[in-house]
Amino acid sequence: MAQLTLKNIKKSFGDTPVLHDISLDVNDGEFVSLVGQSGCGKSTLLRIVAGLEQPDSGDVLIDGQSMLNAAPKDRNIAMVFQDYALYPHMSVGENMAMPLVMASLPLYARLPMMRSITPAGRKAQPHIREGVEKVAKQLHIDHLLDRKPAQLSGGQRQRVALGRALVRDPQVFLMDEPLSNLDAKLRVQVRSEITELHASSGLTFVYVTHDQVEAMTMSSRVALLQTGHLLQVGTPNDLFSDPVNLDVAQFIGSPEINITAGESRAGQITIGEAQLPIDLGTTGPVHIGIRPETISVPNTNGLVAAHASKQGHKITFNTRVIEDLGPEVLIHGAFAHAPDGVIRIRAQKSDSYSASGSLTKTKTFDVMLNPNQLLFFGADGQRLRPAVNAAKLAETV
Ligand SMILES: Nc1ncnc2c1ncn2[C@@H]1O[C@H](COP(=O)(O)OP(=O)(O)OP(=O)(O)O)[C@@H](O)[C@H]1O
Ligand SMILES: [Mg+2]
């Protein structure tokens, strides 16, 4: 059992506040990602959980017990850092054994030589070897135990660092951008290995990343931090389809959500020539968020928007560039009424797709917006929700 609770954590470095009143519950066995831009306070928060940094106020609890007075080694928490800092002169096996050696042997018996000749060392040796071998098997690095870190690939080194953190059988596993040193292909591979490790170990995971795709694909819940404020915590789908504000909407989703200006008045929203029967209960300018996969394009050259429906309102679109991504295309352009804006449309190819079709030739065509799939935000960036269910209204279109 390891339920992790962060309660009203505040932290400043000198006069600069870095974390503002962060509260977060991570359930036993859950995988929560902390995501946010560089410098937003992710590592600081993780270091506070691990006991490497003290908060100015607030508390860190594991299973209801405050950890603030517990030393890092007594918290039963393992942490993997971005630069996984393996000891270069030690073999993989010795690197992985280190946390067990530190925990179970007195100072004089810790050197590999001394472990085999001192009584304390000899007694602990089988237990240490067993622990290392078990974790090495789990991570598929058992054939590498005699190599030095320099003789490993980046992905293998990463797994050794994970292994070294796991040998002590922690209750909570903290990872600070563990994939950032790997190339794109290896990241995807190790990403799924970490997800598997979570499933097979049943441990409570907190995973820090600035890559929203990583956060969305790996975790059961995502916590989005911005300049030390926790903006929203929820399932990946909550953050994607029900963001609390413009910042969350723009951070989550790839390609990024399109934002265009509209006008809310008398139960209608106007975007260019389109009049949407949506009552936001406000009068004045609004930001409209349109996910790239929800814009319907004419099906004339075999393109369909991934999530678009036939319902909708026409709006004129000018194409600038079409990128062919294999199974789908990304169309960059702008609405005719707002030529300075940038609108991206993600459309999937059907069997009848033709690269030289009319869509690529004409440059200007009508797209359709479905009112149900739009997100609305006020001038202050906060989410505005229609007073009446847009789905009902759309039926009347
Ligand atoms: N020991 C320190 N002394 C002073 N300022 C610090 C210290 N550690 C971090 N900071 C500052 O606190 C802020 C948050 O840093 P933190 O390392 O937590 O960010 P992060 O979200 O992990 O960023 P990144 O994604 O770049 O790793 C930054 O502005 C950073 O400069
Ligand atoms: Mg960091």
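Residues numbered from 1 in each chain as written. Chains lettered and ligands numbered in written order. Predicted model: local features only at pLDDT ≥ 70, side-chain atom pairs only at ≥ 80, totals over all residues. Heavy atoms only, no water.

Engineer: How would you summarise the overall build of the chain if you had to cite specific residues and measurements?
Structural biologist: Helix and strand counts for the chain come out as eleven helices and 21 strands. Seen through its C-alpha atoms, the chain measures out along the principal axes to roughly 85 × 50 × 35 Å. Across the 397 residues that make up the chain, the buried fraction comes to 48%. Considering only contacts within the chain whose residues lie at least 6 apart along the sequence, 65% involve residues at least 24 apart. Surface accessibility of the chain: about 18600 Å² in total, with carbon and sulfur atoms responsible for 52%. (Helix = DSSP H or I, 4+ residues; strand = E, 2+ residues; numbered from the N terminus. Buried < 20%, exposed > 50% of the residue type's maximum accessible area, 1.4 Å probe, protein only. Contact = heavy atoms within 4.5 Å. Areas by Shrake-Rupley, 256 points an atom, 1.4 Å probe, with all protein chains shown as cover.)

Engineer: Tell me about the site of ligand 1, and please be specific about residues and values.
Structural biologist: Close to ligand 1 lie Phe13, Val18, Gln37, Ser38, Gly39, Cys40, Gly41, Lys42, Ser43, Thr44 and Glu177, which account for all nearby residues. Within the contact set of ligand 1, an oxygen atom lies 2.5 Å away from a side-chain nitrogen or oxygen of Thr44. Between ligand 1 and Glu177 there is a distance of 3.4 Å, counted from an oxygen atom to a side-chain nitrogen or oxygen. In the complex, 55% of the free accessible area of ligand 1, which totals 640 Å², lies under the protein chains. (Near = heavy atom within 4 Å. Polar contact = N/O pair within 3.5 Å; in protein donor to acceptor, adjacent residues only side chain to side chain.)

Engineer: Any details on the domain arrangement of the chain? Residues and values, ideally.
Structural biologist: Parsing the chain into structural domains produces domain 1 (4-246) and domain 2 (257-395). The C-alpha-based centres of domain 1 and domain 2 are spaced at 41 Å. Across the boundary between the two partners, domain 1 contributes eight residues, which contact ten residues of domain 2. Summing both partners gives a buried area of about 740 Å² for domain 1 against domain 2, and 53% of it is carried by carbon and sulfur. The closest approach of N and O atoms between Arg385 and Asp242, which form a salt bridge, is 2.8 Å. The interface formed by domain 1 and domain 2 contains six residue pairs in polar contact (both at pLDDT 80 or more). Broken down by class, the residue content of the side of domain 1 that touches domain 2 amounts to five nonpolar, two polar and one charged. (Domains from an automatic or database assignment. Buried area = accessible area lost by both parts, 1.4 Å probe. Salt bridge = Lys/Arg side-chain N within 4 Å of Asp/Glu carboxyl O. Nonpolar A, V, L, I, M, F, W, Y, C, P; charged D, E, K, R; others polar.)

Engineer: Give a description of the packing of helix H5 (residues 154-166) against helix H6 (residues 184-201) that names residues and reports values.
Structural biologist: At a minimum axis separation of 10 Å, H5 and H6 run at an interaxial angle of 20°. With respect to H6, the axis of H5 lies roughly parallel. In the packing of H5 onto H6, the handedness of the crossing is right-handed. Across the interface between the two elements, Gly154, Gly155, Gln158, Arg159, Leu162 and Leu166 of H5 pack against Leu186, Gln189, Val190, Glu193, Ile194 and Leu197 of H6. (Axes fitted to C-alpha atoms, helices over the stretch in contact; angles between N-to-C directions. Parallel < 35°, antiparallel > 145°, perpendicular 65-115°, else oblique. Left-handed = near helix turned anticlockwise from the far one by under 90°.)

Engineer: Quick rundown of the side chain of Thr44? Include the residues and the values.
Structural biologist: Within the secondary structure, Thr44 sits in helix H1 (residues 42-50). The contact partners of Thr44, leaving out residues within four places of it in the chain, are Lys11, Phe13, Val18 and Leu19.

Engineer: Run through the nonpolar core, naming residues and quoting values.
Structural biologist: Judged by nonpolar contacts, the single largest core of 38 residues is most densely connected at Met96, Phe173, Met175, Ile194 and Phe205. For this core, the secondary structure elements donating two or more residues are strand S6 (77-80), helix H2 (92-104), helix H4 (119-138), H5, strand S7 (172-176), H6 and strand S8 (204-209). Apart from residues lying up to four places away in sequence, Met96 is in contact with Val132, Val135, Ala136, Ile141, Leu145, Val160, Gly163, Arg164 and Val167. Ranked by size, the runner-up nonpolar core spans 29 residues in total, among them Leu24, Val32, Ile48 and Val208. (Core = buried A, V, L, I, M, F, W, Y, C linked by side-chain atoms within 4.5 Å.)

Engineer: Break down the sheet that holds strand S1 (residues 4-13) for me, citing the residues and quoting the values.
Structural biologist: Sheet architecture is open: four strands sit in the order S2-S1-S4-S5, paired in antiparallel fashion. A single partner strand is all that each edge strand has here, and the edge strands are strand S2 (16-26) and strand S5 (65-66). Judged from the five bridges that link them, S1 and strand S4 (residues 57-62) form a sheet pairing that is antiparallel. Bridging from a neighbouring strand, Leu4 pairs with Ile62 of S4. (Pairing = 2+ DSSP bridges.)

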